[in-house]
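Next come the chains, spelled out residue by residue.
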Amino acid sequence: DGGITQSPKYLFRKEGQNVTLSCEQNLNHDAMYWYRQDPGQGLRLIYYSQIVNDFQKGDIAEGYSVSREKKESFPLTVTSAQKNPTAFYLCASMVLNTGELFFGEGSRLTVL
Amino acid sequence: QKEVEQNSGPLSVPEGAIASLNCTYSDRGSQSFFWYRQYSGKSPELIMSIYSNGDKEDGRFTAQLNKASQYVSLLIRDSQPSDSATYLCAAYSSASKIIFGSGTRLSIRP
């Protein structure tokens, strides 16, 4: 089935550790996105990428890093520099000519 | 700052009635508009896309767009308890950026 796969679904991290969230899509979409959602809040854009080997910062990129070495993959690293990393992280890919965005199931990160 | 504004709710509607959700946007360059449904603890799901002025119907859902007023709405007819969720409005303009509203929480009461 075509779709977006995020892993892990749940992740616990100790303070000071970096963690990497995986996002893979087989929809052949060029653009991919990472959002953060805090309880009761809207979506905030972390990073996005329109083509391989290129990406742009979103509104809250500090403390995060990404790579786009393959069209299908857009992993997000939450570094120890991110002060409040506990959140629900959503990966998405976009049909560029329509703007339709499709989401993975999300990864819930908890810092202990 | 380009924005999409929604009333946060909660909006409470009796089962079987019409739920009306509203959204305004600030960027006149926005070309495409979307409604996403998000159940608690889950990821958003695209339920409606609208690209031109007027109404677009899909089953019990109708999206309405008025570019002159910079206004988008979603009507849900014959509301069901399963429609209880947060509804996110989004606008897409150039540079591949999509702007989301903060969402309206809808509750359908039996």
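Please refer to the structure placed before this passage.
These numbers come from a predicted model, not from an experiment.

Caption draft 1: Inspection of the pattern of salt bridges at higher detail. Using the criterion set out here, one finds 7 salt bridges over all chains in the structure. The residue Asp38(A) makes a salt bridge to Arg36(A) at a minimum N-O spacing of 3.0 Å. Where Glu57(B) meets Arg77(B), a salt bridge forms, and the shortest distance between an N and an O atom there is 3.4 Å. Here the residue Glu57(B) occupies a position in strand S6 (residues 54-58), and Arg77(B) occupies one in the loop between strand S8 (71-76) and strand S9 (85-92), the gap between them amounting to 20 residues. By relative accessible area, Glu57(B) is classed as exposed at 59%. Exposure remark for Arg77(B): the relative accessible area of 28% places this residue in the partly exposed category. Here the residues in one salt-bridge network are Arg36(A), Asp38(A) and Arg44(A), joined through shared partners.

Caption draft 2: Here's a closer look at the sheet that holds strand S7 (residues 64-66) of chain A. All names here are of chain A. Sheet architecture is open: 4 strands sit in the order S1-S3-S8-S7, paired in antiparallel fashion. The open sheet is flanked by strand S1 (4-7) and S7, the only strands paired with a single partner. Ignoring which end each strand starts from, the neighbouring axes of this sheet average 20° apart. Pairing of S7 with strand S8 (residues 76-78), which is carried by 3 bridges, proceeds in the antiparallel orientation.

About the criteria used
Residues numbered from 1 in each chain as written. Chains lettered and ligands numbered in written order. Predicted model: local features only at pLDDT ≥ 70, side-chain atom pairs only at ≥ 80, totals over all residues. Heavy atoms only, no water. Salt bridge = Lys/Arg side-chain N within 4 Å of Asp/Glu carboxyl O. Helix = DSSP H or I, 4+ residues; strand = E, 2+ residues; numbered from the N terminus. Buried < 20%, exposed > 50% of the residue type's maximum accessible area, 1.4 Å probe, protein only. Pairing = 2+ DSSP bridges. Axes fitted to C-alpha atoms, helices over the stretch in contact; angles between N-to-C directions.

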